[in-house]
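The lines below spell out each chain.
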Amino acid sequence: MRNHPRLSLTPSSLPRIALALLLGMAVLTPLLAETRPPALDKAVPENIQDLRVIQERVKKVTAKVSSATVGIRIGDAAGSGVIVSKDGYVLTAGHVSGKPDRSATIIMPDGKRLKGKTLGSNVGIDSGLIRITDKGEWPFVEMGEASKLKTGAWCLALGHPEGYRPGRPPVLRLGRVLERKDKLLRTDCALVGGDSGGPLFDLDGKIIGIHSRIGDRLTINIHVPIDTYRATWDRLVDGEVWGDGRKRGPYIGVEFDEESTECKIAKVEKDSPAEKAGLRANDVVLSFDKKKVEDFADFLASIKKRKPGDEVPLQVRRGAEILEIKVVVGRHPANR
Amino acid sequence: MSCRANSRSFWTVYGLPLVISGALLSSPLTAYGQRTRRDGGEGVVTRSSKDFLKAFREVVAKSVRSTVRIRCDDELAAFGVIVGADGWVLTKASELKGKIVCELHDGKELVAKITGVSEAYDLAMLKLDAKALSPVEWRDSKEDAVGSWVATPGMNEAPVAVGVISVAARGISGSELARRGASGGFLGVRVEAAKVGVKIVQVISGRAAARAGFEEDDVILAIDDKKIANPEALFKMLGKTKPGERIRVRLKRGEEEIELSARLGGRPLERGEFQNQLGGKLSDHRTGFPMVLQHDTVLRPVDCGGPLVDLDGKVIGINIARSGRTETLAIPAETIKTLLDDLKSGKLAPK
């Protein structure tokens, strides 16, 4: 079990002030404790007073969340991200983080560069995760809930248009939620290349989305709803890549001899779980977790029922010997 | 990379992914997006709607009297800002041409003469034959934090458009200016600094350098007999050339020194630039200003040149360019104040 911050949903029944204390977010308390001014939720600001109320809130939120908004560089590609835990988990877009286990550079707003590693991504919805690997404690922001948003709600986009530029802090854009679906948020916060993976905030300073893609109009800016990150947190942390037909299912890394009527191994892949367990070419698998294996299809079906990380005893015939070999089921490599 | 190819069908549904590829001279245009029909939001009043702009009438009530509409040869060119009661108007220089006419708030039309130009800031001072005009009230832009509302007054009661400050006034570094300002002929190489000269790390296929026989790991030593010491020098040198021009490049290849002649091409639209064009026309002259305030107002290029005001109606800058899908740039008031005297006195006379 990996250690990661608990980012479970908070019961909405808790009074807001208690919630703020509970989370230890002393900074947030002034924002949440005050009753929400009606001007923040009007369909149209009516006068200069309404505008002032919105302005004060936007200024306050921006000042608070900028420090956790980062630039990301992976190879030749530039994107954005946002830190969501003290120990350095960074939300970004799936097309920014890409394959797991790649090294990434995280650029703080003051230009400080940190080392990081890409984790999992859901290619379908375009969510992705990166972990800062440098030791330290990092400024972070809280994840909110996109599912509760109403169309028309004000939102703030931060990020690094055209990639991080020295001397330019994260760039603010203000807009409104124009459309909300399970798999996307659409706003008029204008985005451009380099913003990918940057955060969208509500007026409480909580992340409601991650920038993903644009269309040819200024009203087509698409963000990944934050809720999916929470719902799939463990998979992202574990480095799983899924969605869009590219599943990374359970895997042990052997090829089978198609000529054989038994479950005979033809080849063991390099660095695979099978190799680590000591399986060799020409071994014949007799049983999987004490269950008899008739043939290759049988064996494959048994593996597919297991989760990556499961340890399974195999009975194997090697020449005249019968061996007991324990194999730890792995995950299918991402690049296949 | 197979995973990228697979994802295309997905992107075409919703638009363009927003990751960009690094270096200026390298990124080819990757146009895999389709037009989509999404628009509006069920009944959401956005910042650009008339109903929304009404709330800002009070904000611009004073500054509209200091705003002029500028037409050049009878065509819409820019807005301008009245900076002196006796007929001084500041505007965006590069939009001016031919016969310049300023329309005042009261509808009066006056012919203008250019008295001063700041090339760096793309500002021009105009002189009208007028008295008792209403000059703007300046306020240092730094008094308004990021997130503050900004409005662009025009000729009507409501502003032309509104937005918020995206990035406070900042100086643009020399190297960024060199990169962003690069606009000359296109060689088609990706480079990095070397001990001596500039090392080529990638030759873009089909472009000038590839056609001329450049290879990876060649080191550029000189162009037209002028020594090239670093990438900045190379950008600067190329910035002065034009597409179609020939340059002689001295290269170090292994131990050898060779000279190749390259016919420069036009710069292809980068993916970043391509995306920047999505959402409206950009100003022709939109980079290279040494000090800028960035805001997210969506402005047409012809609506630049006029004042930018905060919620108190104070002028914190002059809109100088619609510079990208996400950004409009203004020259901050504190910078303008240092230029005013020189622009009026003829010290910065037009060429």
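Everything numeric in this text was worked out from a predicted model, so none of it was measured.

**As for the overall build of chain B**
When helices and strands are counted, chain B shows eight helices and 21 strands. Within chain B, the fraction of its 351 residues that count as buried is 54%. Of the roughly 15500 Å² of accessible surface on chain B, a fraction of 48% belongs to carbon and sulfur atoms.

**Things to note about the sheet that holds strand β20 (residues 321-328) of chain A**
All names here are of chain A. Taken in spatial order, the four strands of this open sheet run β18-β17-β19-β20, and their pairing is antiparallel. The two strands at the open ends of the sheet, each matched to only one other strand, are β18 (291-292) and β20. Bridge count between strand β17 (residues 284-288) and β18: two bridges; the pairing is antiparallel. Each bridged residue has a counterpart across the sheet, and for Ser287 the counterpart in β18 is Lys292.

**Looking at the packing of aromatic side chains**
Two aromatic rings are characterised by how far apart their centres lie and by the angle between their planes. With the rule as written, the count across this model stands at seven aromatic pairs over all chains. Arranged with centres 6.1 Å apart and planes meeting at 35°, the rings of Phe52 of chain B and Phe56 of chain B form a pair that is tilted. Side by side, Phe52 of chain B and Phe56 of chain B carry an identical accessibility label, which is buried. Their ring planes at 75° and their centres at 5.4 Å tell us that Phe56 of chain B and Trp149 of chain B sit as a pair that is edge-to-face. In this pair, Phe56 of chain B is assigned in the loop between α2 (50-54) and α3 (57-60) and Trp149 of chain B in strand β10 (residues 149-152), connecting sequence segments 93 residues apart. By the burial criterion, Phe56 of chain B is buried, and Trp149 of chain B matches it. Among the aromatic residues, ring-to-ring pairing joins Trp154 of chain A together with Phe52, Phe56 and Trp149 of chain B into one connected group. Between the NZ or CZ atom of Arg235 of chain A and the centre of the ring of Trp242 of chain A, over which it lies, the distance is 4.1 Å.

**Observations concerning the pairing of strand β8 (residues 173-180) of chain A**
Residues and elements named next belong to chain A. Among the eight residues that make up β8, seven are buried, leaving the element largely enclosed by the rest of the structure. Sheet topology note: the strand β7 (residues 154-157)/β8 ladder contains four bridges and is antiparallel. Bridge pairing links Cys155 to Gly175 in β8. Here three bridges tie β8 to strand β9 (residues 185-187), and the two strands are oriented antiparallel to one another. Residue pairing across strands places Val177 opposite Thr187, the latter belonging to β9. Counted between consecutive antiparallel strands, the loop separating β8 from β9 contains four residues.

**Focus on the pattern of salt bridges**
One pass over the structure, following the stated rule, counts 43 salt bridges over all chains. Lys42 of chain A serves as the salt-bridge partner of Glu46 of chain A, at 3.6 Å between the closest nitrogen and oxygen. By relative accessible area, which is 23% here, Lys42 of chain A ends up partly exposed. The closest approach of N and O atoms between Asp225 of chain B and Arg248 of chain B, which form a salt bridge, is 3.1 Å. Note that Asp225 of chain B is positioned in the loop between β14 (219-223) and β15 (226-227) and Arg248 of chain B in strand β16 (residues 246-253), a separation of 23 residues in sequence. On the basis of relative accessible area, Arg248 of chain B is assigned to the partly exposed category, the value being 35%. Taken together, the salt bridges that share partners define one network made up of Arg52 of chain A together with Arg139, Glu143, Asp310 and Asp312 of chain B.

**Some points on helix α3 (residues 48-65) of chain A**
The end-to-end C-alpha separation of α3 of chain A is 26 Å, in line with the 26 Å expected for 18 residues at 1.5 Å each. Regarding α3 of chain A, its N-cap is Asn47 of chain A, as a side-chain oxygen of that residue lies 3.1 Å from the backbone nitrogen of Gln49 of chain A further along.

**Some words on the sheet that holds strand β8 (residues 113-118) of chain B**
Residue and element names in this part refer to chain B. Ordered in space as β7-β6-β3-β4-β5-β9-β8, the seven strands form an open sheet in which the pairing is antiparallel. Two strands in the sheet have a free side with no partner beyond their single neighbour: β7 (109-111) and β8. Between one strand axis and the next, the sheet turns by 35° as a mean value, whatever way the strands run. Pairing analysis gives five bridges linking strand β5 (residues 88-92) to strand β9 (residues 123-127), with the strands arranged antiparallel. Across the sheet, the residue bridging to Lys92 is Leu123, located in β9.

**Structural notes on the nonpolar core**
Judged by nonpolar contacts, the single largest core of 94 residues is most densely connected at Leu91 and Ile207 of chain A together with Phe56, Leu90, Leu123 and Trp149 of chain B. No other element matches α3 of chain A, which puts six residues into this core. Counting 23 residues, the second-largest nonpolar core is a separate cluster that includes Val189, Ile200, Phe214 and Met237 of chain B.

**Re the side chain of Glu179 of chain A**
Among the structural elements, Glu179 of chain A can be located in strand β8. At a separation of 2.7 Å, a polar atom in the side chain of Glu179 of chain A contacts the side chain of Arg186 of chain A.

**Quick look at a positive patch on the surface**
Residues Arg207, Arg211, Arg246 and Arg263 of chain B make up a contiguous surface patch of positive charge. Take Arg263 of chain B: it is sitting in strand β17 (residues 256-263).

**Quick look at the confidence of the model for chain A**
On average, residues of chain A carry a pLDDT of 86, and 87% of them reach 70 or more. Ignoring residues within four places in sequence, the model shows residues 1-29 of chain A, a span with pLDDT below 50, making 35 contacts including any to other chains.

**Describing the environment of Gly244 of chain B**
All names here are of chain B. Topologically, Gly244 is positioned in the loop between α6 (231-239) and β16. Sequence spacing of Gly244 and Phe186 is 58 residues, and the spatial spacing of their C-alpha atoms is 9.2 Å. Those residues within four positions of Gly244 in sequence are excluded, and the remaining contacts are Arg263 and Leu264.

Rules and cut-offs
- Residues numbered from 1 in each chain as written.
- Chains lettered and ligands numbered in written order.
- Predicted model: local features only at pLDDT ≥ 70, side-chain atom pairs only at ≥ 80, totals over all residues.
- Heavy atoms only, no water.
- Helix = DSSP H or I, 4+ residues; strand = E, 2+ residues; numbered from the N terminus.
- Buried < 20%, exposed > 50% of the residue type's maximum accessible area, 1.4 Å probe, protein only.
- Areas by Shrake-Rupley, 256 points an atom, 1.4 Å probe, with all protein chains shown as cover.
- Pairing = 2+ DSSP bridges.
- Phe/Tyr/Trp six-rings, centres within 6.5 Å; stacked < 30°, edge-to-face > 60°.
- Lys NZ or Arg CZ within 6 Å of the ring centre and 35° of its normal.
- Salt bridge = Lys/Arg side-chain N within 4 Å of Asp/Glu carboxyl O.
- Expected span 1.5 Å × (residues − 1).
- Polar contact = N/O pair within 3.5 Å; in protein donor to acceptor, adjacent residues only side chain to side chain.
- Axes fitted to C-alpha atoms, helices over the stretch in contact; angles between N-to-C directions.
- Core = buried A, V, L, I, M, F, W, Y, C linked by side-chain atoms within 4.5 Å.
- Patch = residues over 30% accessible without salt bridge, like charges linked within 9 Å, V, L, I, M, F, W, Y side chains within 5 Å.
- Lys, Arg positive; Asp, Glu negative; His and termini not counted.
- Charge placed at Lys NZ, Arg CZ, Asp CG, Glu CD.
- pLDDT = per-residue confidence, 0-100.
- Contact = heavy atoms within 4.5 Å.

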